[in-house]
Amino acid sequence: HRNNDFNCCVHSKRALDTICKNVIKYVKLLPATNHRYYYWLDDGKPTCNCKKCAKYTPSEQALIIENAMLKAIRKVDPEAKLAHLAYEITLPAPKKVKPAKGIFLEFAPILRRWDAPLSDLKATNTRKYVMTHEENLKHLEENLKVFGVKDAVVLEYWIDVSLFSQWKQPAIDLPWRRDVFESDLHTYDSYGLKNFTSFAVYMDSTYFSKYPAMQYLKEYGEGLNHHFKYETEK
């Protein structure tokens, strides 16, 4: 059946035309200085399951939309690149659809644990979709085969207060694990990954008034700086 509430039918020309029209609008409004753009599916919502779409995985449906968006964006920004978000239902790498040149991987391993490093392969999450760290890294490997490592970026949750607060206010104090963070950097580096970002939602004036210690922010920055300075010097 066709899903009317969330992600579109990727075989609907009207739907893709509407998305492309709007992506051009927002690229003009918010141009990226580095020509890298990030437009995602509806977070955690189902993809279309009509007769035509049912043949494609959520990752493949996302890529169909992304390929169309990138073509539209390049009418405004000829140097544009667009992220393919590997996250939850789109963690498995696409097989039936190939990325257009300029689509890069954004790997967001929300189906992991943060009290254990990714190198602890048997560690298992307790979320809706149960997955071991070994399975997370397997998805990373498969996605890198499709999208390449050059422009790939890791979107992590090491300092995401909202995640650790279960997306509910009032927020809890961040359960920062420097050892996990630094171990993860080495793990990601073993795959050739050099670009990192992390969510840090709920870190507002209310949060810092209640939890003024910000040592983890310093350690986060120092960790990235030290790790990649060291790797460069090697």
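Residues numbered from 1 in each chain as written. Predicted model: local features only at pLDDT ≥ 70, side-chain atom pairs only at ≥ 80, totals over all residues. Heavy atoms only, no water.

J.: Is there a simple way to think about the packing of helix H1 (residues 13-29) against helix H2 (residues 58-73) in this case?
T.: Angle between the axes and distance between the axes are the two parameters that describe a pair of packed helices. The geometry of H1 relative to H2 is characterised by a closest axis approach of 9 Å and an angle of 45° between their N-to-C directions. By the angle between their axes, H1 is oblique relative to H2. H2 is crossed by H1, and the crossing has right-handed handedness. Contacts between H1 and H2 involve Leu-16, Ile-19, Cys-20, Val-23, Ile-24 and Val-27 from the former and Ile-65, Ala-68, Met-69, Ala-72 and Ile-73 from the latter. (Axes fitted to C-alpha atoms, helices over the stretch in contact; angles between N-to-C directions. Helix = DSSP H or I, 4+ residues; strand = E, 2+ residues; numbered from the N terminus. Parallel < 35°, antiparallel > 145°, perpendicular 65-115°, else oblique. Left-handed = near helix turned anticlockwise from the far one by under 90°. Contact = heavy atoms within 4.5 Å.)

J.: Where do I start with the sheet that holds strand E5 (residues 195-198) in this structure?
T.: Neighbouring strands of a sheet are bound in pairs by backbone hydrogen bonds; such pairs are parallel or else antiparallel. Ordered in space as E1-E2-E3-E4-E5, the 5 strands form an open sheet in which the pairing is parallel. Either end of the sheet is taken by a strand with one partner, and the two such strands are strand E1 (36-37) and E5. Across the sheet, helix H3 (residues 133-147) is in contact with strand E2 (81-86) and strand E3 (103-107); its angle to E3 comes to roughly 170°. (Pairing = 2+ DSSP bridges.)

J.: What is the right way to look at a nonpolar patch on the surface in this model?
T.: Together, Tyr-26, Leu-29 and Leu-30 make up a nonpolar patch on the protein surface, roughly 330 Å² of accessible area in all. By the element assignment, Leu-30 lies in the loop between H1 and E1. (Patch = residues over 30% accessible without salt bridge, like charges linked within 9 Å, V, L, I, M, F, W, Y side chains within 5 Å. Areas by Shrake-Rupley, 256 points an atom, 1.4 Å probe, with all protein chains shown as cover. Salt bridge = Lys/Arg side-chain N within 4 Å of Asp/Glu carboxyl O.)

J.: What should I look at first to understand the environment of Thr-124 in this one?
T.: For Thr-124, the position within the fold is in the loop between E3 and H3. Filtering out sequence-adjacent residues up to four positions away, Thr-124 remains in contact with Arg-113, Val-130, Met-131 and Thr-132. Here the side chain of Thr-124 touches Lys-122 through a polar contact of 3.1 Å, landing on its backbone oxygen. (Polar contact = N/O pair within 3.5 Å; in protein donor to acceptor, adjacent residues only side chain to side chain.)

J.: Explanation requested: the nonpolar core in the structure shown.
T.: Nonpolar side chains tend to gather and get buried jointly when the protein is soluble and globular. In terms of nonpolar packing, the biggest core is built from 65 residues, with Trp-158, Leu-174 and Tyr-188 touching the most fellow members. Those residues in contact with Tyr-188 that lie beyond four places of it in its chain are Phe-107, Pro-109, Arg-112, Leu-118, Leu-140, Val-154, Glu-156, Trp-158, Leu-193 and Phe-196. (Core = buried A, V, L, I, M, F, W, Y, C linked by side-chain atoms within 4.5 Å. Buried < 20%, exposed > 50% of the residue type's maximum accessible area, 1.4 Å probe, protein only.)

J.: How should the pairing of strand E4 (residues 153-156) be read in this particular structure?
T.: Along a regular strand, successive side chains alternate from one face of the sheet to the other. Neither face of E4 is exposed, since Val-153 and Leu-155 on one face and Val-154 and Glu-156 on the opposite face are all buried. Where E3 and E4 come together, 2 bridges link them in parallel fashion. Pairing of Glu-106 across the sheet is with Val-153, part of E4. Note that E4 and E5 share 4 bridges and pair parallel. Bridge pairing in E5 places Glu-156 opposite Ser-198.

J.: Explanation requested: the state of the cysteines in the structure shown.
T.: Each disulfide consists of a covalent bond between the sulfur atoms of two cysteine residues. As enumerated under the stated definition, the model contains 0 disulfides in all. There is no disulfide at Cys-8, and the cysteine sulfur nearest it, in Cys-9, is 6.9 Å away. With no disulfide of its own, Cys-9 lies 3.7 Å from the sulfur of Cys-53, the closest cysteine sulfur. (Disulfide = S-S within 2.5 Å.)

J.: What should I look at first to understand the pattern of salt bridges in this one?
T.: Note that side chains of opposite charge can pair when their charged atoms are close. Taken as a whole and judged by the stated rule, the model has 14 salt bridges. Note that Glu-156 and Arg-112 form a salt bridge whose closest N and O atoms lie 2.7 Å from each other. Here Glu-156 is found in strand E4, whereas its partner Arg-112 is found in the loop between E3 and H3, with 44 residues between them in sequence. The residue Glu-142 makes a salt bridge to Lys-145 at a minimum N-O spacing of 3.3 Å. Of this pair, Glu-142 and Lys-145 both sit in helix H3, 3 residues apart, which is roughly one turn of the helix. Take Glu-142: its relative accessible area is 26%, and that puts it in the partly exposed class. Take Lys-145: its relative accessible area is 62%, and that puts it in the exposed class. Through salt bridges that share partners, Arg-36, Lys-81 and Asp-151 make up one connected network.

J.: Just to check I follow, could you spell out the environment of Cys-8 for this structure?
T.: Along the chain, Cys-8 falls in the segment before H1. Using a relative accessible area of 18% as the deciding quantity, one classes Cys-8 as buried. Distance in space between the C-alpha atoms of Cys-8 and Asn-49 is 9.8 Å, their sequence separation being 41 residues. Excluding its chain neighbours within four sequence positions, the residues that come into contact with Cys-8 are Ala-15, Ile-19, Cys-48, Gln-61 and Ile-65.

The quantities given are spatial measurements derived from coordinates; they are silent on function.
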